[in-house]
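Residue-level structural notes
Chain residues, written in single-letter form:
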Amino acid sequence: MTVLVFGSLNMDLVVQSPRLPVPGETLLGNQFNTIPGGKGANQAVAVARQQVPTQMMGRVGADDFGQRLRHALTLDEVAVEGIQVDPNAHTGVAAIVVSDQGENHIIVVPGANSRVDKTDLSKLEVALKQADLLLLQFEIPMAAVIQAAQLAHAAGVTVIVDPAPVQAFDPSELYPYIHVLTPNQVEAAQLVGFPVDTLEQASEAIAQLHDQGAETVLIKMGEQGVLCGTPQEIFHIPAFPITVVDTVAAGDAFNGGLAAALQSGKSLTAAVTWATATAALSVSHAGAQPSLPQRSHVETFLKQQHVL
Ligand code: ATP
Ligand code: RIB
């Protein structure tokens, strides 16, 4: 059985800069790289590097970036047969500025990702028959995300949703069909309509999301770690202390680590701890997919932290 990811693939156009520019300002950067990314593909690589069979489904354009993205996935043994090559759109791109302090600005131009539709959903429906778990994000059309969650629910497949970046949707069409919702602080604030800067505010946000029908809610809070809320309990898993190089894909590392840990039968607390370690290792390396750790690195790190 596999973990399926139904979502986005982007080529990240990454500029390293001494600091982030203010509006209207021109800065001289010091490096430029094209790096495989996209929240969906990042999560697929994050799972595959934990030695879990993984399949990526989505769309790229019939261009060089699309070919490179699919090739990068195959190097990590992610199955790519479910990725459609769309001749009518460019491959998704993300313009990313990373400062020497590790902060970032990201603008995504979805291209082919925005054309995921019922033909992709038909393929997903077949693939779900061989899957334990489905990972979704919000970089493809919301209608496709909602239908994917509902198909997975009907097939008895566990669904983890990363609502990034937030798009408008009706919670009653999504929350009853999913098991885990993993917003970061910005996304949580957008979902509930008030700031989510502190653990106390995160706790209030979880209560509101539960009222709207969400089951398990994990709010990713950067260096404050993760606040976890199930219908039974709320608990906090602190972040591991780590030197920050670049937080791009920290959230994806977290979701991939979480999926792999849950798929291998870990409890929620153990899975969130595993995911937090996976994310910590990713922030200590540059880039999206290049920053995602192998299973053995996560194990070694947890032993060094006296957790395993
Ligand atoms: P992304 O940058 O991919 O959008 P995100 O905003 O979705 O990430 P964050 O909350 O920033 O998510 O990070 C996800 C997880 O990564 C955190 O919950 C935490 O476990 C880990 N993490 C992020 N920043 C740090 C940090 N400075 N030190 C240690 N761990 C961190
Ligand atoms: O979560 C990080 C990702 O967000 C980047 O790889 C970029 O492609 C955007 O989708």
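Anything mentioned here points back to the structure above.
Residues numbered from 1 in each chain as written. Chains lettered and ligands numbered in written order. Predicted model: local features only at pLDDT ≥ 70, side-chain atom pairs only at ≥ 80, totals over all residues. Heavy atoms only, no water.

Below, the discussion takes up the overall build of the protein. Looking only at helices and strands, the protein features 10 helices and 14 strands. For the protein, the C-alpha radius of gyration of 18 Å lies close to 19 Å, the compact-globule estimate for 308 residues. Its C-alpha atoms put the protein at 50 × 45 × 40 Å along the principal axes. Residues counted as buried form 52% of the 308 residues belonging to the protein. Long-range pairs, those at least 24 residues apart, make up 68% of the contacts in the protein between residues at least 6 apart in sequence. Looking at the protein as shown, the accessible area adds up to about 12,900 Å², and 54% of this sits on carbon and sulfur atoms. (Helix = DSSP H or I, 4+ residues; strand = E, 2+ residues; numbered from the N terminus. Rg over C-alpha atoms; globule rule 2.2 N^0.38 Å. Buried < 20%, exposed > 50% of the residue type's maximum accessible area, 1.4 Å probe, protein only. Contact = heavy atoms within 4.5 Å. Areas by Shrake-Rupley, 256 points an atom, 1.4 Å probe, with all protein chains shown as cover.)

The next point concerns the site of ligand 1. Surrounding ligand 1, one finds 18 residues, the nearest of these being Asn184, Gly222, Thr247, Ala250 and Gly251. In the model, an oxygen atom of ligand 1 is placed 3.4 Å from a nitrogen or oxygen of the Gly225 main chain. Within the backbone of Gly251, a nitrogen or oxygen atom sits 3.0 Å from an oxygen atom of ligand 1. Here ligand 1 has 620 Å² of accessible area as a free molecule, and 86% of this is covered by the chains. Most atoms of ligand 1, that is more than half of them, are within 2 Å of grid points of the largest pocket. For the shell around ligand 1, the secondary-structure elements that each account for two or more residues are α8 (250-263) and α9 (268-283). Element by element, the count of residues in the shell around ligand 1 is highest for α9, at three residues. (Near = heavy atom within 4 Å. Polar contact = N/O pair within 3.5 Å; in protein donor to acceptor, adjacent residues only side chain to side chain. 1 Å grid on protein atoms, 1.4 Å probe; cavity = no way out; pocket = protein on both sides within 12 Å on 5 of 7 lines; lining within 4 Å. Sits in = over half its atoms within 2 Å of the grid points.)

All told, the structure shown has three aromatic pairs when counted by the stated rule. When the centroid spacing of 5.4 Å and the interplanar angle of 80° are considered together, the rings of Phe138 and Phe169 count as edge-to-face. Of this pair, Phe138 sits in the loop between β9 (131-137) and α4 (142-154) while Phe169 sits in the loop between β10 (158-162) and α5 (171-174), and the two are 31 residues apart along the sequence. You'll find Phe138 and Phe169 in the same group, each marked buried. On the basis of an interplanar angle of 80° and a centroid distance of 5.7 Å, the ring pair of Phe169 and Tyr175 is categorised as edge-to-face. (Phe/Tyr/Trp six-rings, centres within 6.5 Å; stacked < 30°, edge-to-face > 60°.)

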